[in-house]
Amino acid sequence: MLQNLRRRLSATTVVMWIIGLLLLAMVFWGSFQTLVSGKYSGRVWLDLIVFGIAQGSVYALIALGYTMVYGILRMINFAHGEVFMSGAYMGYFVATALENRGTLDSNLLLSLVLIVLGAVVTSVTIAVLLERIAYRPLRRAPRLVPLITAIGASFFLQYTFRGFFGSGVKGYPEAEGLKGTITLFGLQLLKTQVLVIVAAIILLIALYTFVQRTKTGKAMRAVSEDKDAAALMGINVDRIIVTTFIVGGSLAGAAGVLYSMLFRQVYFLTGFIPGLKAFTAAVLGGIGNIAGATMGGLFLGVAESLFPNLVLDGLGIPAPYQLKDALAFLLLVLVLIFRPTGILGERLATKKA
Amino acid sequence: MTATTLSRTAEKETTLHWSRVVGTGLIGGVVAIYVGLVGMIEALAGRVVITGLLTTGQVILLGVYLLMSYQAAQKLTGADAKAGPLSVVAGALAGLIISIMLALLVVIGQQINLRAMFINASPRLWELLTLGRGVPTGLVLLMALGAVLGALAGGLALLPSRLRRAVSLGLVAVPIVSILNTALFAGRGVSALGALLIFAFFTAISYGWSSVGGQARERVAALPSGQQRLLKMIGWSAVALGALALPLLGPYPSEIIDTVGIYVLMGLGLNIVVGFAGLLDLGYVAFFALGAYTIGILTSPEITWLPLHLTWWEALPIAILVGVISGTLLGIPVLQMRGDYLAIVTLGFGEIIRLIFLSDWLKPLVGGSNGITRIPRAVPPPQGFSDQQVLWYIVLAGIVVAAYIATRLKYSRIGRNWMAMREDEDVAQAMGIDLVKTKLLAFATGAALSAVGGAIFATKLTSIYPHSFNLLVSINVLAVIIVGGMGSIPGVLVGALALVGLPELLREFAEYRLLVYGAVLVFMMLKRPEGLLPEARRKLELHEGEEV
Amino acid sequence: MKKSIVLLSLLLVMAVILTACPAAPQQPQQQAQQPAAGQCPACTDPKGCVTIGKDEPIRIAWMFVVEGPDASLGTDTKRGVEIAKDDRPTIAGHPVELIGENEGCNAEGGQAAGTKISSDPKVVAAVGTNCSSAARAAIPLMCGAGIPMVSPSNTAPDLTAEDRPAEYWCYMRTAHNDRVQGAAMAKYAYEKGFRNAATIHDGSLYADKLQQVFAEEFKKLGGNIVAQEATDPNETNMGPMLTRIAAAKPDFIYLPIFIAAGGQVTSQAKQNPDLANVQLAGADGIFSPDFLKAAGDAAKGFLWSSPDFTAFGSGYADFLKKHEAKYGEKVLAPFHAHAYDAYNLIANAIEKVAVDCGGGVIQIPRQALRDAMISTKDMKGLTGNLTCTPTGDCADPKIAVYEGVSADPATWNPGADANSNPRKIWP
C-alpha cells in the first residue's frame, strides 16, 4: 500500500517536473529568439536591469515587513501594503508643507529626514494599532481567521484614507536636488534611482545588524523559532511581537517615501499592488527568511522589468508589459515547482506552515 | 448621585471605575470625529430615515452616542454588577465627553484650515455639527443633546435584560426598515408615526418572543420523535416554498438574490477546498472566469473563430469540464506546497487568468477589454417577468445540487479523508490516505462548482469582461465561508446573505461600502472567530483552544 | 447568539413585508387618472408617463462608479451632476431629487444599478453610466422601462453606432465617441509631419478603442504604427515599457489613458534619452490640471485632443471654482463637465415636454421626453455646442488639439484666450 502510494507520488512529481521544464524551455526559447533577433542594444538591457533594481529595492523593503511578521506569528499581514501607503501619504503632506516653505529646495537633506520621519511615525502607529486591535486577540484562533481580519483591516484603511484625503491622485513635489541624472561607472542613472538603491542598502544593513547583533534581535529570532520556549526563557513575547511590527512598520514607512520619490504619486490604493508584489517576493525568497525577502524582492523587480521584453517578445506576444504581472506569477510557480520552499528555503515551511 | 446611593453601592462592595467611563467617552469622541472627517455625516445628510426628523448621517452619529454611552455605563461596574441610577450619570458623562470632543473639532476647524489635509472638514460639516445654529449656541446645544442621549443610553442599562434587548432591537429596527424601504421599494424613509409604530411592533414582538420562543422550543423538544420529524418536514417545505416564491418580490430583489445565489454556489465550492480539505485557495476566481468565458466562447454569435454558437444548456457541461480540468491542472504543481505558499500561487493563478483574458495577445480570440457580448439567455422569461426573476430558478437548482454534493461528500469516505488531511497531512498520509488523489479531487470539485457559478454569471449579464474577474471576488468568497463558519454548509448561506446580500441592499451607500465591509470583517472575526453558523466540531476545537 | 440570528432574520423578513405595503399604493399614481386639482389628460405616450404632484420632486438618477479603483471617475461625474443641480435646483417649477447607484465599472454593477433604477416608477431620466461595460448591461433594462439615459463618459463607438440594437433607443451620451477623438489626433499628427507613431493603452475600453481608432486612421493616412504597447492603470514603473518603445524609434507617442498612469508615462519618457524629444499626446482622459501635477515639467509641450473650449472658457472656469468650494479638492477626472451638460440636457427636455395639468401638477411622457432629448440642437454647454445625432451622440463634434505651455497646475485655464495654458493649436 505504502509503496503503491510512493510510486504514484513520484508519478505526479514527474508530471510536475515536465510542466516545469516545459515552462523553463519556453522561457529559454523566448529569450534566445529575442537575443538572436538583435532588436535591442546592450544599453537597453542595462537600463531594464537598473529599473528593476530600483523597483526591487522597494519591494524588498516592504517584503521584509511581511516576512518578519510571518516568521513570528505565522500569519499573512495582508494590511501591510496599507501601512506602506500611510507612510507615503504622510510623506506627501510633509513634503508639500516643506515645498511651500521652500525648505525642500534649499535644504534637501533636512527635508528628506523630516519626510522620512513623518512617514515612519505614521506607519509605525498604524502597524502597532493593527497588532493591538486586530491581531492580538486572535493569536490562538485558527490560521484563516487573522487572515480575514487582515483583509478587512486592509479595506478599512484604504477607504478611511480615501474618506479623509479624497480619492484623487496626489502628485509628490519634486525636489530640485533630485532632478536629472548622474553618471556612475559609465552608466547614466537617475538621481532618484541612486537615492532609492543606496537608502535601501543602508536600511537592509541596519536591519541585519539589528536582528543578528542586538539582544532584541536575538529575542526576535528566539520567538520565531518557538514562542512557548522563548516565553519560558524569560522573553516577553508580546513585547517582541510589538517590536516586530514597529520594525516592519518603519521599513514600510521608509519604503513609502522611497516609492514616492521614484514615482511621485500617491492615492488610496497605492499600497495594494506593491503590497501584493512584496508578498509574492517574500514567498519567492522563502517566507519567514529575511535574506530571502531581500533576494525575492530584487529578483521580482528585475524579472518584471526584464523578462517581458526578453521572453515574451521572442515568443511573438504583443504588448508584453501588459502581461508583466502574469509573468511574475508564472515565475513564482516555476521557482516553487523546483524549490517548494522558495529560493532560500525555510525549514519551517514544511513543518509548521 | 446622592450620598445614600453612593453608600449603598459601597455596601455592595462594587468598585466604580469612573476612569473607564471617561476612557470610553474619549474613544466615543474619537469615533465620532472619525465619522465626521471620513465624510459620512456630510455625505449621508441628504438621505432621510424619518421624514422631517432624521437623516442617515444623524442616525450614524446617534448610534455612536448611544452605543458608546451605553458601553460607558456598563463599564462603570463591569458586566455583572448593577450600578443603579449612577449608570445614568455615567452615560450622560460619556455623551458629554463625545460632544465636547466634537465641539473642539468644530472650534479648531474654524480657526485653522483643516481642509488642506482633510477634505471633509468643510463649513458644511461645522454647520451640521452645530445643528445649524452657529458656534456658541450650537455647541452648547450639542453638549446638552449629548448629555441627554448619554443619559438615555445609561438608563437603558438599568432595564431588565429582557426588556433592554427588546428595546434595543426596536431601536435598531427603525433605521433598518427605513433603509430597506428606500433600497428595495424606492420609498423615501418612513414618517415619524411609522417609525414609532415600527419601534413598538419590533419591541413587542421581540419581548413576546423571548418568553414564548423558549417555551415553544421546549414543547417541541418534548414531542414524540415522529411528530418532531413532521414539524421538521413542514419547516423545510416552508423554506422550499419561500425560496421558490422569492422572485415574486420584484425584479430588483431578484437581482440581489441572484447575486447572493451565485456567491452561495461559489462558497459551497470553495468550502470544499478550504473548509473540508484545508487548502487555502486565494485564486478561486480563476475557475469562475474560465466557466464564464467557456460559455461566452461557445455561445456568443460574436465568436467567429469557433462558430459553434451552442445554447447555454449545451455549453454548460463543457464549462463544468473545463473547470474540472483546470482545477486538476492547477492542483498538480501545488501538490507539494503548503499553507501560504499555496495561497500566493493560487492568487497568482487567478491574476494570470484575468490578465491573459485582458491581454492584446488573446484579443482576437476573447475580445480583450471589449469582453464577449451577446451571450444568450438560458431561459426566455414569460410575459410580465424579468430575466432576473427567471434566472433565480437556475441559481436555486445549482445551489440545491451543489449543497447535495457537498453534504454527501462531507460524510463520505472522501470527506473524512479531506478532514484528516486538513488536520495533519503527515498523519493522514501515514494512515494510508492517498494525498494526491484526495487533494486533486478537492480542487476539481471546487473548480467545477465555481465554473457553474461563472456559467450562470455569464448568462445573467449576457456580456462578460475581464475586469469582473478580479482578486476581490476570490477574497469575497473566502470571507463568505469564513464569516459563515468554515466547513459548515448552512454557514455559507448565512455568510453570503450577510456579506453579499446586505452590501447589495445598501448600494446607496456605495462610497462607504468597502469601508463598512472591512470594519465588519474585523469586528466579526474578533467577536465570533468561529463564524456565524459554525460546524459543531470547529466550535469545539476553538473553545478547547481558548481554555488552554 | 443563535437566537439573535433567528430573531434578526425574522426581523428582516418582517421588514420586507412591512415595507412592501406602503409601496403598493404608489402604483396608481402612474396612471393619469387623479381626482384632485390638476387633472392630467389620459396618458397617450407609448412608454407611459410620470405624474409629479404638487411640490413633489422630479427624480433623476445617476449611475456612476463610486467605489473601487475607478472611483475617481465616478466621483468626478457625480459632482458634475450635483453642481448642475445646485445651479438649476428646479425643473418646470419642481425641485429635483437625485438618487444614485454604484455601477462598479463592470457589467454586474451596471446590471444591478440598471435593475434598481428601472424598477423605480418615479425616475424620469438618468445620467450614466461611466463605463461602457456597465452601460451595455444597463441600457436594455433602462430602455425597457422607458427611462432615457445620458452617459457623460461612455466612449465606445458601438453604443451609438448606426447599427446599434433597437433596444438601445433610449440611450445617448455627451461624451465624445472614440471615433471622433482618435481620428482627430491621427489627422493632426500626420499633418504635422509625424510618420512613425507608437500607442499605449491601459486595458480599459476607453483607451483601447481610442488607440485602435488612432492607429487605423494614422495608417490610412500613410503613417506607420511602429509599436502598440499596453500597461495597467495602476502601474508606476513605466521605464521598461518605454525602453522597449524607444527601440522601435517612434517620433510620436499617443497615450489616451488616465491621469495616474499617464503622468508616469509622460515624466518617465522625458527621463529616457531616446524619447526625450519625441512628441507625446493624449486625449480628454488626461485633459486636467492634475495631469500637470502628475507629469511635472514633462507636461510642457504635451498635446491633448479635447472639445474646443475657446468659446466656453468662462463658464468652465466658474464651474471649477464652485467645485473647489464645494468639495475641497480639484476635479478628479475629465468628465464632470460632460455630466453637468447631461443634467442640463435632461432638464431642457423635461421643460419642453412636461404637460402642465394645473394646480402645480405636471405629467412627463417618457417617449416624448426621449425624443425631445435626442433632438437637442445647439445647446450651449460646458463642453461646447451640443447637438444630438439620431443615434444619440450629443457631444460637440468640434475637436481641438491643445498644447501644454506651462507645467504649473495653477495656470490651467484652457481656452481663456489665445495664449492661456494649455494653448489651442489646431485646427
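Our subject is the structure that appears above.
Because the structure is predicted, anything quoted here is derived from the model rather than measured.

## Observations regarding the sheet that holds strand S13 (residues 355-356) of chain C
Strand pairing in a sheet takes place through backbone hydrogen bonds and is either antiparallel or parallel in direction. All names here are of chain C. Strand order in the open sheet formed by 3 strands is S1-S14-S13, and the pairing between neighbours is antiparallel. Edge positions in the sheet fall to strand S1 (49-52) and S13, since each of these pairs with one other strand and no more. Both S1 and strand S14 (residues 362-365) contribute to a ladder of 4 bridges, which runs antiparallel. Residue pairing across strands places Val50 opposite Ile364, the latter belonging to S14. Sheet contacts for helix H12 (residues 366-374): S1 and S14; angle to S14, the most-contacted strand, approximately 70°.

## Notes on the interface of chain A and chain B
If you look at the interface, chain A gives 66 residues, while chain B gives 58 residues. Interface area, chain A with chain B, both sides summed: about 5500 Å², of which 79% is carbon and sulfur. Sorting the residues of chain A by area buried against chain B places Ile148, Phe155 and Phe164 of chain A first, and these three jointly supply 12% of that buried surface. Here chain A is connected to chain B by 0 salt bridges. Counting the contacts that link chain A with chain B gives 6 residue pairs in polar contact (both at pLDDT 80 or more).

## A word on the interface of chain C and chain B
Size of an interface: often given as the accessible area lost when the parts come together. On the side of chain B, 49 residues touch chain C, which itself brings 52 residues to the contact. For the pairing of chain C and chain B, the buried interface totals around 4600 Å² over both sides, and the portion due to carbon and sulfur atoms is 59%. At the boundary of chain C with chain B, the tally comes to 1 salt bridge. Between Lys363 of chain B and Asp208 of chain C there is a salt bridge; the shortest N-O distance is 2.7 Å. Counting across the interface, chain C meets chain B through 13 residue pairs in polar contact (both at pLDDT 80 or more). Broken down by secondary-structure element, the contributors of at least two residues to the side of chain C that touches chain B are helix H1 (2-23), strand S4 (94-102), helix H3 (107-118), helix H4 (132-144), helix H6 (205-221) and helix H10 (313-327) of chain C. Residue contributions to the side of chain C that touches chain B peak at 14 residues, all from H1 of chain C.

What counts and what doesn't
Residues numbered from 1 in each chain as written. Chains lettered and ligands numbered in written order. Predicted model: local features only at pLDDT ≥ 70, side-chain atom pairs only at ≥ 80, totals over all residues. Heavy atoms only, no water. Pairing = 2+ DSSP bridges. Helix = DSSP H or I, 4+ residues; strand = E, 2+ residues; numbered from the N terminus. Contact = heavy atoms within 4.5 Å. Axes fitted to C-alpha atoms, helices over the stretch in contact; angles between N-to-C directions. Buried area = accessible area lost by both parts, 1.4 Å probe. Salt bridge = Lys/Arg side-chain N within 4 Å of Asp/Glu carboxyl O. Polar contact = N/O pair within 3.5 Å; in protein donor to acceptor, adjacent residues only side chain to side chain.

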